[in-house]
Amino acid sequence: MSSSSFRIAFEGVPFENGEIAVSDLAPALLALGEVVQAANKALNGSRAEARLKLRATNVGSFEALLSVDLSMLDAIKDMLDAVVDNPERVVAATDLLELLLKAGTVVGGTVFGLFHAVKFLQGKKPEKVENRSDGFTEITVNHTTIIVDRRTVTLLEDFQTREALEKFSEKALSIEGIEALRLGDNGVEASLVLTPRDRLSFQVPTPSEDDERVEVVEREVLLKIVTSHFRDGYKWRFTDGGEKAFTADIEDTNFLNDVLEAKLSLSANDTLRCRIREEQRLTTTGLTKEIKVLRVIEHIPGARQLKLI
């Protein structure tokens with residue numbers, strides 16, 4: 001197990017005597033714990049588990065000493081990592097905190113952690129992102145460039161981590177009377193300082209059209225009717241022989257008019273040969289699929305019950 005500590009301090013008039021309401025502190029720390037867990041999952045996957053623990057408090061502006069414990073779940077791989085340069089090496093607790101909170105130095109400037117980088121971006125899309133040969137990445141916004149570890153870029157692009165960051169900012173920076181929140185080591189001058197004005201910076205960016213990937217396929221298929229609807233806004237349900245039924249819009253107005261005018265009679269056993277359009281859309285929120293029936297080519301009546309007598 002690896003472990004590393006940092007401090008969180010709430011500053012403002014309500015906290016001057018070193019006290020804070022549990023109803024305010026608990027949601028903020030739980031949300032911060034979710035940030036740690038999401039970041040660990042993004043970097044380590046299932047190879048390690050991370051926990052955020054409260055260790056002690058100090059009087060002043062309310063200050064808590066927190067620690068991140070990282071349990072290695074693949075000990076053999078971790079031992080091999082110490083011998084060879086394994087690109088899948090487990091990110092230890094100290095490294096994880098540095099990637100989240102701390103700012104170090106490297107040739108060419110200061111290296112920013114995730115919290116610093118999100119505050120710097122202010123919800124804007126970078127003008128330029130350039131990977132360096134030393135494992136760091138330069139991010140430029142408004143002609144200003146910062147340097148981050150390439151693993152920090154992974155966290156910036158991880159949707160669950162960004163969601164957890166937004167939740168933490170909402171819980172911690174909306175506490176009544178808070179003027180500033182400090183995160184970092186013992187020395188407050190080296191801490192990351194957040195104010196209620198920074199809440200907008202931590203909101204998950206809205207995906208742009210450039211972030212979406214769309215795949216469209218048109219094909220002919222046989223569809224068996226499960227449920228039919230003729231009111232606007234209602235989708236039909238079909239099965240193509242697979243395990244699950246699916247919904248689709250029918251855009252063939254001639255077919256719909258024939259059914260409405262009783263020129264064509266449908267039953268639950270009928271099958272339609274159709275030309276369909278499948279559209280898959282991949283965004284940061286996930287993968288969706290929409291199916292439209294462009295044209296009904298053939299109506300195949302289902303088997304009718306035979307009269308034996």
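Only a predicted model underlies this, so the values are computations on that prediction, with no experimental measurement involved.

## Description of the overall build of the protein
At step 1: The secondary structure content of the protein amounts to 7 helices and 15 strands.
At step 2: Counting the 309 residues in the protein, one finds 38% classified as buried.
At step 3: A separation of at least 24 residues holds for 60% of the contacts in the protein among residues at least 6 apart in sequence.
At step 4: When the accessible surface of the protein is summed, it comes to about 18100 Å², and 48% of that surface belongs to carbon and sulfur atoms.

## As for the sheet that holds strand 12 (residues 236–239)
At step 1: A barrel is described by the order of its strands in space; here 5 strands give the closed sequence 11-12-13-15-14, paired in mixed fashion. Taking the axes of each pair of neighbouring strands and ignoring which way they run, one obtains an average angle of 50° across the sheet.
At step 2: Across 2 bridges, the pairing between strand 13 (residues 246–250) and strand 15 (residues 286–300) is parallel. When the bridges of strand 15 are listed, Asp-249 appears paired with Lys-292.

## A look at the nonpolar core
At step 1: By size, the foremost hydrophobic cluster in this structure holds 53 residues, and its most contacted members are Ile-8, Phe-10, Leu-100, Phe-115, Phe-168 and Leu-183.
At step 2: It is helix 1 (residues 22–44) that contributes the most residues to this core, 10 residues altogether.
At step 3: Grouped together as the second largest cluster of nonpolar side chains are 17 residues, Val-221, Leu-223, Ile-250 and Cys-274 included.

## Quick look at the confidence of the model for the protein
At step 1: Predicted confidence across the protein gives a mean pLDDT of 82, with 82% of residues reaching 70 or more.
At step 2: When the criterion is pLDDT under 50, residues 82–87 qualifies, and its contacts beyond four places in sequence or with other chains add up to 2 contacts.

## Quick word on the pattern of salt bridges
At step 1: Applying the stated rule across the entire model yields 18 salt bridges.
At step 2: The salt bridge involving Lys-263 is made with Glu-261; its shortest N-O contact spans 3.3 Å.
At step 3: The structure contains a network of salt bridges with shared partners spanning Lys-235, Asp-249, Glu-251, Glu-290 and Lys-292.

## So, the packing of helix 1 against helix 3 (residues 93–100)
At step 1: Packing of helix 1 against helix 3 leaves a shortest axis separation of 11 Å and a crossing angle of 110°. Taken together, the axes of helix 1 and helix 3 lie roughly perpendicular to each other. In this structure, helix 1 uses Val-35, Val-36, Ala-39, Asn-40 and Leu-43 to contact helix 3, whose residues at the interface are Leu-96, Leu-99 and Leu-100.
At step 2: For the contact of helix 1 with helix 3, the residue count by class is 7 nonpolar, 1 polar and no charged.

## A look at the pairing of strand 9 (residues 180–184)
At step 1: Among the 5 residues that make up strand 9, 4 are buried, leaving the element largely enclosed by the rest of the structure.
At step 2: Taken together, the 5 bridges between strand 1 (residues 2–11) and strand 9 define a ladder with antiparallel strand orientation. Directly across from Ile-8, in strand 9, lies its bridge partner Leu-183.
At step 3: Sheet topology note: the strand 9/strand 10 (residues 192–194) ladder contains 3 bridges and is antiparallel.

## Observations regarding the side chain of Ser-169
At step 1: Structurally, Ser-169 is set in helix 6 (residues 159–173).
At step 2: Filtering out sequence-adjacent residues up to four positions away, Ser-169 remains in contact with Ser-174, Arg-199 and Phe-202.

## Remarks on helix 4 (residues 114–121)
At step 1: With 6 of 8 residues buried, helix 4 is to be regarded as a mostly interior element.
At step 2: Taken residue by residue, helix 4 has Leu-114, Phe-115, His-116, Ala-117, Val-118 and Leu-121 as its buried positions.
At step 3: Gln-122 sits one or two positions beyond helix 4 and adopts a positive phi of about 55°.

## Details of unusual backbone geometry
At step 1: Not every positive phi belongs to a glycine, and Asn-142 is a case in point at roughly 50°.
At step 2: Backbone geometry places His-143, a non-glycine residue, at a positive phi of 65°.
At step 3: Inspection of the secondary structure puts His-143 in the loop between strand 7 (136–141) and strand 8 (144–149).
At step 4: Relative accessible area serves as the criterion here: at 75%, His-143 is assigned to the exposed category.

## Let's talk about the packing of aromatic side chains
At step 1: Within this structure, the stated rule accounts for 6 aromatic pairs.
At step 2: Both rings, one in Trp-236 and one in Phe-255, keep their centres 6.1 Å apart while their planes meet at 55°; by these two values the pair is tilted. One end of the pair, Trp-236, is in strand 12; the other, Phe-255, is in helix 7 (residues 253–260), with 19 residues separating them in the sequence.
At step 3: An aromatic cluster is defined as three or more aromatic residues linked by ring pairs; in this entry it consists of Trp-236, Phe-238, Phe-246 and Phe-255.

## Remarks on helix 7
At step 1: Residues Phe-255, Leu-256 and Val-259 constitute the buried set of helix 7. Seen end-on, helix 7 carries its buried residues on one side only, within an arc spanning 95°.
At step 2: Among the residues of helix 7, the N-terminal cap falls to Asp-252, whose side-chain oxygen and the backbone nitrogen of Asn-254 are separated by 3.2 Å.
At step 3: With its phi angle positive at about 65°, Ala-262 sits one or two positions after the end of helix 7.

The rules behind the values
Residues numbered from 1 in each chain as written. Predicted model: local features only at pLDDT ≥ 70, side-chain atom pairs only at ≥ 80, totals over all residues. Heavy atoms only, no water. Helix = DSSP H or I, 4+ residues; strand = E, 2+ residues; numbered from the N terminus. Buried < 20%, exposed > 50% of the residue type's maximum accessible area, 1.4 Å probe, protein only. Contact = heavy atoms within 4.5 Å. Areas by Shrake-Rupley, 256 points an atom, 1.4 Å probe, with all protein chains shown as cover. Pairing = 2+ DSSP bridges. Axes fitted to C-alpha atoms, helices over the stretch in contact; angles between N-to-C directions. Core = buried A, V, L, I, M, F, W, Y, C linked by side-chain atoms within 4.5 Å. pLDDT = per-residue confidence, 0-100. Salt bridge = Lys/Arg side-chain N within 4 Å of Asp/Glu carboxyl O. Parallel < 35°, antiparallel > 145°, perpendicular 65-115°, else oblique. Nonpolar A, V, L, I, M, F, W, Y, C, P; charged D, E, K, R; others polar. Phe/Tyr/Trp six-rings, centres within 6.5 Å; stacked < 30°, edge-to-face > 60°. Arc of directions from axis to C-beta. Polar contact = N/O pair within 3.5 Å; in protein donor to acceptor, adjacent residues only side chain to side chain.

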